[in-house]
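One-letter residues, chain by chain:
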Amino acid sequence: MTPFAGWSAHVHRHAAADRRAVVTREQSWSWTELLERAGGAAALIDGLAVPPGTPLPGLVDDVPGATALLLAGSSRGRPYAPLGTRLTAAELAAIVTALEAPVLLTDPAHAGLAAAVAE
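Computed from a predicted model, the values in this text were never measured in an experiment.

J.: An account of the packing of helix H2 (residues 31-47) against helix H3 (residues 63-75) is needed here, citing residue identities and associated values.
T.: Remark: H2 packs on H3, axes separated minimally by 8 Å, with the N-to-C direction vectors making an angle of 55°. Between H2 and H3, the angle falls in the class oblique. Seen along the crossing, H2 lies across H3 with a hand that is right-handed. Residues Leu34, Arg37, Ala38, Ala41, Ala42 and Ile45 of H2 pack against Pro64, Thr67, Ala68, Leu69, Leu71, Ala72, Gly73 and Ser75 of H3.

Structure (structure tokens):
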């Protein structure tokens, strides 16, 4: 059994029991909710036409959302690279450039910062 197969079986056991997967002060997602969101994020990633192996940097403060992106990116062979939302646009641009990333994922709260990074 590969490590991923073991991990996948573990996730499915928890999802079947509908246990809590991600808990923050503001919200809580069950495994079912997390996997549904990860599936949606995977569809988004598939639509980006980014080559396999390409990191996907993102400006997302929402822990459950970032967790869904982490699962989706790894399932699609495009690792999610969370970025610090407190960094300056210049600092973030240097990271995105070093990653050779053609896209920058963001949530609505950080759209302005992402636009500044893209400039």
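Having seen it, we continue.
J.: Can you break down unusual backbone geometry residue by residue, with the values?
T.: For residues other than glycine, phi is negative in most cases, and the peptide bonds are mostly trans. Positive phi, normally seen in glycine, also occurs at Ala49, with a value near 55°. Assignment of secondary structure puts Ala49 in the loop between H2 and strand S3 (56-59). Even without glycine at this site, Glu100 takes up a positive phi of about 55°. Tracing the backbone shows Glu100 in the loop between helix H4 (89-99) and strand S5 (105-106). A residue is classified by how much of its surface remains accessible, and Glu100, at 68% relative accessible area, is exposed.

J.: Any details on H2? Residues and values, ideally.
T.: The first and last C-alpha atoms of H2 sit 24 Å apart over 17 residues, in line with the 24 Å expected at 1.5 Å per residue. Residue Ala49 follows H2 closely and has a positive phi angle near 55°.

Parameters and conventions
- Residues numbered from 1 in each chain as written.
- Predicted model: local features only at pLDDT ≥ 70, side-chain atom pairs only at ≥ 80, totals over all residues.
- Heavy atoms only, no water.
- Axes fitted to C-alpha atoms, helices over the stretch in contact; angles between N-to-C directions.
- Helix = DSSP H or I, 4+ residues; strand = E, 2+ residues; numbered from the N terminus.
- Parallel < 35°, antiparallel > 145°, perpendicular 65-115°, else oblique.
- Left-handed = near helix turned anticlockwise from the far one by under 90°.
- Contact = heavy atoms within 4.5 Å.
- Buried < 20%, exposed > 50% of the residue type's maximum accessible area, 1.4 Å probe, protein only.
- Expected span 1.5 Å × (residues − 1).

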